[in-house]
Amino acid sequence: MSRPELQAPPEIYYGDIEAKKYTNNTRVQQIQAEMTYRALELLNLPPDEPAFLLDIGCGSGLSGEILDEEGYHWVGCDIAPSMLEVALEREVEGDLFLQDIGQGFGFRPGSFDGAISISVLQWLLNAETSHPTSSPPHRLTRFFTTLHAALKNPSRAVLQFYPSSDDQIQLITSIAQKAGFGGGVVVDYPNSKKARKVFLCLFVGGGGGAQQQVPKGLEGDEDAEARATFEKRRERLRAREKSGKRKNIKDREWILKKKELYRKRGKEGVPHDSKYTGRKRKAVF
């Protein structure tokens, strides 16, 4: 089967049907969770400290859910409207932007403590038109230059992607370095055709000094480690449900928070707040 990025542009490939099918696939959910946890590990953020992260190509919010669970505040951007619609339906906590990352970012300099991206960069390696500004080097240059500006100094960006050749890795790495990033490529399970994962671990400012070494890739049994991580997450969710810490949709504070979030996002038709918001209603038989 041909790779998705070779079939159509992402905003077309991930239409309404494909976006929901992708999000509801349990295998996709597991893979996304594994790679997001690994990206956070490589991001190496200070423990027990709040952080504001950028999720590049956030899609339907599968990686954003992990960021929520880990206690991070985040902003997500994606080029596929259908994916963002699914993310809104799933009520992810992060703010969402419709954005072509190949056109660059418009965030204020030094806005983010870090950035992650799961399965996105390979989409920038295909020219959609013959215009010079649509060429992969041009789009990658805009992407990395504006990403570097949007990150704090020091900080890191961890970008997982699926290259089809070593030449693509070299192209991406060289353009990132020209944009001012330090760091390099981390390859997990390099001897496995199925489990091999490629991460671009980039440093900004002090994070790219000589004292910072590019992390080593993982070796060993990928399947066992992946199952263990995914099962731990499921156990945490079950424990949270049993302890009553899971969000209660009937709670007034939760409802007010969600309504305010929808208003900030510009959603129309959000009901006004009143003394009846979140009230308990008698059971109807």
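The subject of this paragraph is unusual backbone geometry. Between Asn-153 and the following residue, Pro-154, the backbone shows a cis peptide bond with an omega angle of 0°. Following the sequence through the fold, Pro-154 ends up in strand β5 (residues 151–161). A positive phi angle, close to 60°, is found at Asp-48, a residue other than glycine. Mapped onto the secondary structure, Asp-48 falls in the loop between α4 (26–43) and β1 (52–56). Non-glycine residue Tyr-189 carries a positive phi angle of around 50°. Judged by its relative accessible area of 8%, Tyr-189 is buried.

Below, the discussion takes up the pattern of salt bridges. Taken as a whole, this structure holds 11 salt bridges when the rule is applied. Between Lys-21 and Glu-18 there is a salt bridge, and its shortest N-O distance comes to 3.4 Å. Taken together, the positions of Lys-21 and Glu-18, both in helix α3 (residues 16–24) and three residues apart, correspond to about one turn of that helix. Residue classification places Lys-21 among the exposed positions, given a relative accessible area of 53%. The partner of Arg-263 in a salt bridge is Glu-260, with the nearest N and O atoms 3.7 Å apart. In this pair, Arg-263 and Glu-260 both sit in helix α10 (residues 252–264), three residues apart, roughly one turn of the helix. Assessed through its relative accessible area of 31%, Arg-263 is described here as partly exposed. Among the charged side chains, a network of salt bridges with common partners joins Lys-259, Glu-260, Arg-263 and Asp-273.

Criteria and thresholds
Residues numbered from 1 in each chain as written. Predicted model: local features only at pLDDT ≥ 70, side-chain atom pairs only at ≥ 80, totals over all residues. Heavy atoms only, no water. Helix = DSSP H or I, 4+ residues; strand = E, 2+ residues; numbered from the N terminus. Buried < 20%, exposed > 50% of the residue type's maximum accessible area, 1.4 Å probe, protein only. Salt bridge = Lys/Arg side-chain N within 4 Å of Asp/Glu carboxyl O.

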